[in-house]
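What follows is each chain in one-letter form.
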Amino acid sequence: MSGAQRPGYKPSASASAKATERQSIFFDIKPDTKNMVRMLPPSDPTGSAFFLKSDHYKLKDAEGNNTAMPCLNIHGEGDCPLCKVTEVLFASGDKEDEALAKNVKASQRHYIQAYVMNRLEEGPKLIGLSPTTADQISDIMVQQEEIGEPMPNDPDKGIWISINRVGSTQFNTRYTVQASSKMDSLDSLRKEWVDEFVTDMVKATRLKVQTPEAMIAAFKKAHGGKVDVDKLLA
Ligand SMILES: [Zn+2]
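As a convention, each chain's residues are numbered from 1 in the sequence order in which they are written. Local features in a predicted model are, by the rule used here, given only for residues with pLDDT of at least 70; side-chain atom pairs are given and counted only at 80 or more, and totals for whole chains, interfaces and linings are based on all residues.

A. Structural detail: unusual backbone geometry. Positive phi, close to 55°, is recorded for Asp 32, a residue that is not glycine. The helix count covers DSSP runs of H or I at least four residues long, the strand count covers runs of E at least two residues long, and both are numbered beginning at the N terminus. Take Asp 32: it is sitting in the loop between α1 (13-20) and β1 (33-39). For Asn 118, which is not glycine, the phi torsion reads 70° and is therefore positive. With respect to the element layout, Asn 118 can be found in the loop between β4 (107-116) and β5 (125-129). The exposure class of Asn 118 is exposed, given the 9 C-beta atoms found within 10 Å. Put plainly, a residue is buried at 20 or more neighbouring C-beta atoms within 10 Å of its own, exposed at 12 or fewer, and partly exposed in between, counting only other residues' C-beta atoms, which are placed from the backbone.

This is the structure:
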């Protein structure tokens, strides 16, 4: 007896890799890459190209998992307890306190919404940039305005910009942003852009403002063994 078909299909490494690739609205800029991006117009009524997210890191939730929480001075009513804690720790003069303060102090990301070249069909991506990298985009915008040319996030005449990353560690990583001469109207680049456009950045970036009590609890869970939080906040 021959010819019985054996079950299964030819193994494909690329299909397997694709299946497990995380489809995310966020686009991480990988080490040592140049990334051509075409920004979409602002979703912020002020016209700012950036959505600011300011988070405190190195906290632990009730289950003991690492978590980050939005800074209340930026996203809440003010009086952020973790800004107060970091301030007091920085001022103590103790080396360990200072190290802890550096870990917990609020850290800013400026999000842009952009299409990434060769990934258009994935829809717009949110790219989180450090303040200095975001500044470089601002510089390009200022320059474009000065010479009377369209903004990189102009829907009709926006230019592509290249966000380049060199290095992979926290200490050696450098980002540079360059304007290119390549110009595309969003309508011709990807007609779906109007429907794909992310209007609600708070929701898209999963920004969930917590109560001051929850933030203090998360700090205690993570660092309560090292410092007396109640004393710091007193
Ligand atoms: Zn804060």
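B. Structural view of the packing of helix α3 (residues 81-91) against helix α4 (residues 95-104). Throughout, an axis means a line fitted to C-alpha atoms (over the contacting stretch in the case of helices), and angles, computed between N-to-C directions, take values from 0 to 180 degrees. Two numbers describe how α3 lies on α4: the axes approach to 8 Å, and their chain directions differ by 150°. For the element pair α3 / α4, the angle class is roughly antiparallel. The interaxial crossing formed by α3 with α4 has left-handed handedness. Contacts between α3 and α4 involve Leu 82, Val 85, Thr 86, Leu 89 and Phe 90 on the former and, on the latter, Asp 97, Glu 98, Leu 100, Ala 101 and Val 104. Looking at the contact of α3 with α4 residue by residue, the classes come out as seven nonpolar, one polar and two charged. Oblique is the label for every angle not falling under 35 degrees (roughly parallel), over 145 degrees (roughly antiparallel), or within 65 to 115 degrees (roughly perpendicular). The crossing is said to be left-handed when, going from far helix to near helix, the turn is anticlockwise and less than a right angle, and right-handed when the turn is clockwise. Our contact criterion uses C-beta atoms placed from the backbone: two residues qualify when those atoms are within 7 Å. Under the scheme applied here, ten amino acids are nonpolar (Ala, Val, Leu, Ile, Met, Phe, Trp, Tyr, Cys and Pro), four are charged (Asp, Glu, Lys and Arg), and all others, including Gly, are polar.

C. Quick look at the nonpolar core. Structurally, a nonpolar core is described as a collection of buried Ala, Val, Leu, Ile, Met, Phe, Trp, Tyr and Cys residues joined by way of C-beta atoms within 7 Å. Within the largest apolar cluster, 21 residues are counted, with the highest numbers of intra-cluster contacts made by Val 37, Ile 112, Ala 114, Ile 127 and Ile 161. At the level of secondary structure, the elements contributing two or more residues to this core comprise β1, β4, β5, α5 (131-146) and β6 (159-166). The residues contacting Ala 114, other than those within four sequence positions of it, are Val 37, Arg 38, Met 39, Leu 40, Pro 124, Lys 125 and Ile 127. If you look at the next biggest cluster of nonpolar residues, it comprises 18 residues, including Leu 82, Leu 89, Ala 222 and Val 227.

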